[in-house]
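Each chain, written out:
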Amino acid sequence: MAATLLDGAVIAQRVYAQLKERIQRLHVRGVQPGLAVILIGENSASRIYLKNKAQACEVVGVHSEILRFPADCSEDEVVRRLQALNANPRLHGILVQLPLPAHLNSERILQGIAPAKDVDGFNWVNLGAMVAGHTLLAPCTPLGVMTILDYAQVPIEGRNAVVIGRSAIVGKPLALMLIARGATVSVCSSKTADLRQYTSMADILAVAVGRPGLVDGSMIKPGAVVIDVGINRLPDGKLVGDVDFASASQVASRITPVPGGVGRMTVAMLLENTVTAAERSVGIGANYPAQ
Ligand code: NAD
């Protein structure tokens, strides 16, 4: 393998160490960061994610609570509870575990979280701020990608970055973050006629699609930094990304593995956003705009 591994577990540990220091400083001011997680219905994947989040909270010292709703609960019920959580000063971050049961309007529910507590970064205020070039609370997965690039000291300004996938929670915000850092960014999707034309010019290639083997080594510019966001479960139970790791790692200079890459960062960024929100609640860091 020619490429160096960008190990999400190692980088996440460094993030946690910094968070512990920030949490210590908050303790001095009598504040413990608090995170509320809303879980609606019984989804086994969600339960695993929740367990990981709760464990990470415990390790760094973030108070966390899980609020469970039955699968047949009403939207109004959830929105009312969100309003109470928005007003609770002990809780600095709120997230709703996705996916939601089909009868619920996820947009209405997600927009019910106060922007200052929206640690998943999905509220339109937070997404809109990114368009204007500000980062208030950014979506965790693209924030994790940027943190990996920064820890690895990957130059961004002036480089060609290609993002495959244009979802509102991964691809699009990642493209905005890369633009804000001075990269020349192309965003590809299922409508892109010739993917290879773009991938082959990428100094930084981020793939967030959900299709195993979408990108292989022959499509990658030699020496590129490859960030594989995809998470796919193969029929044999194996977890893989969107990038064919065996061939890509022969061509790239640096590459994230799946598992153990971006996925590890997403939870770390959730806690970082929670700590940031707690700091802002006592006037540390950038002021949050009045609503
Ligand atoms: P999504 O389904 O919302 O979006 C997928 C995007 O891929 C779309 O923009 C679509 O146009 C594009 N696409 C589909 N087929 C394509 C093709 N053949 N060529 C180019 N583009 C194509 O998915 P999402 O929520 O953005 O998630 C993407 C992947 O990232 C999934 O595998 C998901 O599991 C993973 N994910 C990982 C993390 C993590 O923590 N590592 C977090 C979120 C999502």
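What you see is a predicted model; the values in this text were computed from it and never measured.

K.L.:
Explanation requested: the domain arrangement of the protein in the structure shown.
P.N.:
You'll often see interface size given as the accessible area lost when the parts meet. According to the domain assignment, the protein consists of domain 1 (32-115) and domain 2 (140-262). Each of domain 1 and domain 2 has a C-alpha centre, and the two are 29 Å apart.

K.L.:
What am I meant to see in the site of the ligand here?
P.N.:
The ligand sits among 20 residues. The nearest are Arg166, Ser167, Ser189, Ile231 and Thr266. Between Arg211 and the ligand, the recorded distance is 3.2 Å, taken from a side-chain N or O atom to a nitrogen atom. In this structure, Val229 approaches the ligand through a main-chain N or O atom, which is 3.4 Å from a nitrogen atom. At a threshold of 2 Å from the grid points, most atoms of the ligand map onto the largest pocket. Among the elements that make up the shell around the ligand, the one with the highest residue count is helix H10 (residues 262-281) (three residues). Across the shell around the ligand, the residue classes break down as nine nonpolar, nine polar and two charged.

K.L.:
Just checking my understanding: could you explain the pairing of strand S6 (residues 184-188) for this structure?
P.N.:
Residues in a regular strand project their side chains so that they alternate between the two faces of the sheet. Here strand S5 (residues 160-164) runs beside S6; their pairing, made up of five bridges, is parallel. Counted as the bridge partner of Asn160 is Thr184 from S6. For the crossover that starts at S5, traverses helix H7 (residues 171-180) and ends in the parallel S6, the hand is right-handed.

K.L.:
Just checking my understanding: could you explain the nonpolar core for this structure?
P.N.:
Looking at soluble globular proteins, one finds that nonpolar side chains tend to be buried together. Grouped together as the largest cluster of nonpolar side chains are 54 residues, with contacts concentrated most on Tyr16, Leu35, Leu149, Leu178 and Ile227. At nine residues, the largest contribution of residues to this core is made by H10. Each of two domains, domain 1 (32-115) and domain 2 (140-262), supplies a minimum of three residues to this core. Excluding its chain neighbours within four sequence positions, the residues that come into contact with Leu149 are Val154, Ile156, Leu178, Ile204, Val225 and Ile227. By size, the runner-up hydrophobic cluster in this structure holds 18 residues, among which are Leu82, Val96, Leu100 and Ile113.

K.L.:
I keep staring at the packing of helix H6 (residues 140-151) against H7 and nothing clicks. Help me out?
P.N.:
Two quantities define a packed helix pair, namely the angle between the axes and the distance from one axis to the other. Between H6 and H7, the shortest axis-to-axis distance is 9 Å and the interhelical angle comes to 40 degrees. Taken together, the axes of H6 and H7 are oblique relative to one another. As H6 runs across H7, the sense of the crossing is right-handed. Along the contact surface, H6 presents Pro142, Leu143, Val145, Met146 and Leu149, while H7 presents Pro173, Leu174, Met177 and Leu178.

K.L.:
Just checking my understanding: could you explain the sheet that holds strand S1 (residues 4-5) for this structure?
P.N.:
Hydrogen bonds along the backbone pair up the strands of a sheet, which may run parallel or antiparallel. Taken in spatial order, the six strands of this open sheet run S1-S11-S8-S7-S5-S6, and their pairing is parallel. Lying at the two open borders of the sheet, with one neighbouring strand each, are S1 and S6. Sheet contacts for H7: S5, S6 and strand S7 (204-207); angle to S5, the most-contacted strand, approximately 170 degrees.

So, how was this worked out
- Residues numbered from 1 in each chain as written.
- Predicted model: local features only at pLDDT ≥ 70, side-chain atom pairs only at ≥ 80, totals over all residues.
- Heavy atoms only, no water.
- Domains from an automatic or database assignment.
- Near = heavy atom within 4 Å.
- Polar contact = N/O pair within 3.5 Å; in protein donor to acceptor, adjacent residues only side chain to side chain.
- 1 Å grid on protein atoms, 1.4 Å probe; cavity = no way out; pocket = protein on both sides within 12 Å on 5 of 7 lines; lining within 4 Å.
- Sits in = over half its atoms within 2 Å of the grid points.
- Helix = DSSP H or I, 4+ residues; strand = E, 2+ residues; numbered from the N terminus.
- Nonpolar A, V, L, I, M, F, W, Y, C, P; charged D, E, K, R; others polar.
- Pairing = 2+ DSSP bridges.
- Right-handed = clockwise from strand over helix to strand, strands pointing away.
- Core = buried A, V, L, I, M, F, W, Y, C linked by side-chain atoms within 4.5 Å.
- Buried < 20%, exposed > 50% of the residue type's maximum accessible area, 1.4 Å probe, protein only.
- Contact = heavy atoms within 4.5 Å.
- Axes fitted to C-alpha atoms, helices over the stretch in contact; angles between N-to-C directions.
- Parallel < 35°, antiparallel > 145°, perpendicular 65-115°, else oblique.
- Left-handed = near helix turned anticlockwise from the far one by under 90°.

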